[in-house]
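So you can see what is in the structure, the chains are spelled out below.
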Amino acid sequence: MPKDKNSNKINMIKITISDILEGEDPDSILCRDIFRFIIELCKNKNIRDPRDYFAQSEFKIRMLVNWLLENNRELRVEFYKSRIKKSYQAHSKTTFVMGRVNALLELNLLESIGQIPSLKTGETEGFRLSYPGFIVAALLEFDIVQKGSSEYKLALERLISSWISYIPPCVKHPRNIHYHFLINFITNCVEDYDDILSDFLKYVRERASDLVFNFSVLRYKLNNSIFKKLLASKEFRDFYYKKLNTPSENIIDTNNFRNLFQSQFKLDVESEIERISSSILNFNEFNIKDFQWRRRPQTQNKSRRQPMEGDSDMDVFKEIVFNYQVRNEWERMRSENLSNNDKITIVVKCESCGQIFPYPIIVDTENFDSLFCRHCNHPRLKPYEFENDSNSLYLKEFLSRFNVV
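Given the structure is predicted, the values throughout are model-derived calculations rather than measurements. (Residues numbered from 1 in each chain as written. Predicted model: local features only at pLDDT ≥ 70, side-chain atom pairs only at ≥ 80, totals over all residues. Heavy atoms only, no water.)

Chemist: So what exactly am I meant to see when it comes to helix H2 (residues 26–44) here?
Modeler: Since the α-helix advances by 3.6 residues per turn, residues separated by three or four positions end up pointing in the same direction. Between its first and last C-alpha atoms H2 spans 27 Å; for 19 residues at 1.5 Å apiece the expected length is 27 Å, and the two agree. Taken across its 19 residues, H2 has 14 buried, putting it largely inside the fold. (Helix = DSSP H or I, 4+ residues; strand = E, 2+ residues; numbered from the N terminus. Expected span 1.5 Å × (residues − 1). Buried < 20%, exposed > 50% of the residue type's maximum accessible area, 1.4 Å probe, protein only.)

Chemist: Sorry, what's going on with the pairing of strand E3 (residues 122–129) here?
Modeler: Consecutive side chains along a regular strand alternate between the two faces of the sheet. Examined bridge by bridge, strand E1 (residues 59–60) and E3 share two bridges and lie antiparallel to one another. Note that in E3 the partner of Phe59 across the bridge is Phe127. As paired elements, strand E2 (residues 110–118) and E3 share eight bridges and run antiparallel to each other. Within E3, the position partnered with Gln115 by the bridge is Glu125. (Pairing = 2+ DSSP bridges.)

Chemist: Before we go on, may I ask you to explain the confidence of the model for the protein in this structure?
Modeler: Any residue range with low pLDDT should be treated as having predicted coordinates unsuitable for detailed reading. In this model, the protein carries an average pLDDT of 83, and 84% of its residues clear a pLDDT of 70 or more. For the protein, helix H15 (residues 390–400) is the element with the lowest average pLDDT, namely 64, and helix H14 (residues 324–336) is the one with the highest, namely 96. Long-range and interchain partners of residues 1–10, a stretch whose pLDDT sits below 50, account for 21 contacts in this model, where long-range means more than four residues apart. (pLDDT = per-residue confidence, 0-100. Contact = heavy atoms within 4.5 Å.)

Chemist: Can you walk me through the nonpolar core in this structure?
Modeler: Nonpolar side chains in soluble globular proteins tend to end up buried together. Membership of the largest hydrophobic core comes to 111 residues, with the highest contact counts inside it found for Phe54, Phe236 and Tyr240. What Tyr240 contacts, discounting residues up to four positions off in sequence, is Phe181, Phe185, Ile226, Leu230, Phe261 and Phe265. (Core = buried A, V, L, I, M, F, W, Y, C linked by side-chain atoms within 4.5 Å.)

Chemist: Whenever I open this one, the packing of helix H8 (residues 177–192) against helix H10 (residues 215–232) confuses me. Can you help?
Modeler: Relative placement of two packed helices is described by the angle separating their axes and the distance separating the axes. Between H8 and H10, the shortest axis-to-axis distance is 11 Å and the interhelical angle comes to 50°. Taken together, the axes of H8 and H10 are oblique relative to one another. Considering how the two elements wind past one another, H8 and H10 form a crossing that is left-handed. In this structure, H8 contributes His178, Tyr179, Leu182, Ile183, Phe185 and Ile186 to the contact, and H10 contributes Phe215, Arg219, Leu222, Asn223 and Ile226. A breakdown of the residues in the contact of H8 with H10 according to their chemical character gives eight nonpolar, two polar and one charged. (Axes fitted to C-alpha atoms, helices over the stretch in contact; angles between N-to-C directions. Parallel < 35°, antiparallel > 145°, perpendicular 65-115°, else oblique. Left-handed = near helix turned anticlockwise from the far one by under 90°. Nonpolar A, V, L, I, M, F, W, Y, C, P; charged D, E, K, R; others polar.)

Chemist: Would you explain the pattern of salt bridges in this entry?
Modeler: Taken as a whole and assessed by the stated rule, the structure comprises 24 salt bridges. With a closest N to O distance of 3.6 Å, Arg32 and Glu24 form a salt bridge. Relative accessible area serves as the criterion here: at 15%, Arg32 is assigned to the buried category. With a relative accessible area of 58%, Glu24 lands in the exposed category. The shortest N-O distance in the salt bridge between Arg332 and Glu336 comes to 2.8 Å. In this pair, Arg332 and Glu336 both sit in helix H14, four residues apart, roughly one turn of the helix. (Salt bridge = Lys/Arg side-chain N within 4 Å of Asp/Glu carboxyl O.)

Laid out in structure tokens, this is it:
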């Protein structure tokens, strides 16, 4: 909103959590700087435990104003080469900053802790992070640390810890095996497999506007992220199945744990294949073939007439793409293995002959380097990457014409 820099009568602004995380207007940046101040305040106290990191975040408004005068870009420019004493600068901006603090109080990201001792006035109002504010601070802290630095894993651990604590208590019921296994698993991934947390962090970002947590959506995303890495890394696969075979002590009924968990895991993975393949099948098969043919290096700059339906010998018609024939075969194979939790029906592509077809893989025992193509008998099968193949590229290009993506 427009504001007069020389006015102290602004007591409230309208802002959202998404603005604080990503906005570039002056108010969003200043609110983000308030969180930077709190992060720095906590770091100076040498608090390493994620549970305590933001618990001791209390501050006074004058402390905050003094810090912002040195660190907020807009305030630094406003008082650049000013002869006004720092104490007067701070006094002139206290009401202005308090308006932003009031906005954070309104969002329940900060909370008042009442009167606390002050050197000059005897007592003054104190503030600290609320629990939702803890989550926003953890997100912002994770954004500013350099990946691979000594602080990176600590920041990641704090972010995960904050969201785990924020999950509704009912979700943490001892009989919710998915919660107990996945939370224990991702916590163990921090040290060596922090990349597996990318979908977790993406979900956190998506929910940052209201901080509403839906564990079933998180489970779905994590299971699909885990599955992709299971196919790509034997080391990770060994790590995963070791954890799966030694369930957490918080889980009741460990006898049925693996069967129940694998059943849901299989359902989540196959549901994702169904979802993403359905989006591709919304588009004309010939157009996708034509798009794929035109992208090939040897045909990219080749001028030719538009292919016609009767041109059966034209190369464009020989292009192999995901279509309803493959989808129907995948559905048939998935149905045949519906009760077999060890087999997950995926779609594969042969890098030798280019054929695309379904395959019921036993994830914990089968490796792609030992699987042979049923069409050309070459051991060059790979999981079919719906998001990266020409089908999806065509979809993105088509939708971009309508400003959808």
